[in-house]
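So the chains spell out like this:
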Amino acid sequence: MSATAVPVRSRRTRGPRRTVRARGAGLGLVAWLAGVVFFLPIAWMALTSFHSESDAATNPPSLGAALTLDGYREFFGTGGGASPWPALVNSTVASVVSTLCVLLLALPAAYALSIRPVRKWTDVLFFFLSTKMLPVVAGLLPIYLFAKNTGMLDNIWLLVVLYTSMNLPIAVWMMQSFLAEVPVAVIEAAQIDGARLPTVLARVVAPIALPGIAATALICFIFSWNELLFARVLTGVVAQTAPVFLTGFITSQGLFLAKVCAASLVISLPVLAAGFAAQDKLVQGLSLGAVK
């Protein structure tokens, strides 16, 4: 009887296993299709950037057209146009410095709201999040008047302050959930050994929450790099950022599609490179605390 019972059980379990495998294969296929759909615009932009303006403007576009680097030559100013390097440097300074400032301010705030929670800490988090509900356009005129009266127009450090204040609420919100997963026993052991708060934050909390910090830093960097409205209104020539420089290719003479695609690809490379370099930390950080 026992010999015949084992095959019956195995036959009964084969059906659910096959169903689970088929479901997993179907979800994998859907994920691949979604990835291809999201990647197609980037691939199309990259292909168009290597075409001449006449081939890029054809409708429908010519996939087999000859490839050329004229769009990139025009973007980098070899044809007599403006050089993009000052704008790229400005975007790098504004994004990197503001991200570092956000991390320096958000880490102690998140520590106070998670590991050493203050009274009504949920109300504090809601207040931080509510600051992101204000439309950006509503604060544009007061900030412009302040910058004009203080002589801060066309100043890259004004953008650093603005990007820091804009990204700080979301950084505190994210890092609070990350730091809540840090074991309190490790912090108490460090305090027993005589470590003060700066040492605890730098040598205990930061290494444990590094994936979450990396994810927060990458998101703040992307937000700062892609910001256009304030940079367009508050800067001119000296503090012009890369997105503002990109809008200069759209003129009354027409849209130079190949050159715009080349410029868009070059300006997107720092964000793509940062995301690729920190992809493991990003996935680990965004999933931190999701599974208990």
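Residues numbered from 1 in each chain as written. Predicted model: local features only at pLDDT ≥ 70, side-chain atom pairs only at ≥ 80, totals over all residues. Heavy atoms only, no water.

A. The arrangement of the packing of helix α4 (residues 85-114) against helix α9 (residues 197-208) in detail. Viewed as axis vectors pointing N to C, α4 and α9 meet at an angle of 95 degrees, and their least axial separation amounts to 11 Å. As summarised for this structure, α4 and α9 are arranged roughly perpendicular, according to the angle between their axes. Every residue of α9 that contacts α4 at Leu-107, Pro-108 and Tyr-111 is listed here: Leu-197, Val-200, Leu-201 and Val-205. Broken down by class, the residue content of the contact of α4 with α9 amounts to seven nonpolar, no polar and no charged. (Axes fitted to C-alpha atoms, helices over the stretch in contact; angles between N-to-C directions. Helix = DSSP H or I, 4+ residues; strand = E, 2+ residues; numbered from the N terminus. Parallel < 35°, antiparallel > 145°, perpendicular 65-115°, else oblique. Contact = heavy atoms within 4.5 Å. Nonpolar A, V, L, I, M, F, W, Y, C, P; charged D, E, K, R; others polar.)

B. Molecular detail of α4. In this model α4 runs 42 Å from its N-terminal to its C-terminal C-alpha over 30 residues, within 8% of the 44 Å that 1.5 Å per residue would give. Of all the bends in α4, the greatest, near 25 degrees, is centred on Ala-106, and the proline Pro-108 appears no more than four residues after it. (Expected span 1.5 Å × (residues − 1). Bend = angle between axes of the 7 residues up to and from the residue.)

C. Spotlight on the pattern of salt bridges. A full pass over the atoms with the stated rule returns one salt bridge. Residue Arg-73 pairs with Asp-70 through a salt bridge whose shortest N-O separation is 2.8 Å. Taken as a pair, Arg-73 and Asp-70 lie in helix α3 (residues 70-75) at a separation of three residues, close to a single helical turn. Residue class for Arg-73 comes out partly exposed when judged on its relative accessible area of 44%. (Salt bridge = Lys/Arg side-chain N within 4 Å of Asp/Glu carboxyl O. Buried < 20%, exposed > 50% of the residue type's maximum accessible area, 1.4 Å probe, protein only.)

D. Broad picture of unusual backbone geometry. A positive phi angle, near 60 degrees, is found at Asp-154, a position not held by glycine. For Asp-154, the location among the structural elements is in the loop between α6 (140-149) and α7 (156-179). Among the residues examined, Asp-154 registers a relative accessible area of 22% and is labelled partly exposed.

E. Geometry of the packing of aromatic side chains. Under the defined criterion, the tally for this structure stands at five aromatic pairs. Members of the aromatic cluster, joined through ring pairs, are Phe-75, Phe-76, Trp-85 and Phe-245. The ring of Phe-256 has Lys-259 sitting right over it, with the charged end atom 4.8 Å from the ring centre. (Phe/Tyr/Trp six-rings, centres within 6.5 Å; stacked < 30°, edge-to-face > 60°. Lys NZ or Arg CZ within 6 Å of the ring centre and 35° of its normal.)

F. Main features of the side chain of His-51. Summarising the element assignment, His-51 is placed in the loop between α1 (2-49) and α2 (53-56). Dropping the residues within four chain positions of it, His-51 is found in contact with Ala-56, Ser-62, Leu-63, Ala-65, Ala-66, Leu-67, Thr-68 and Ala-258.

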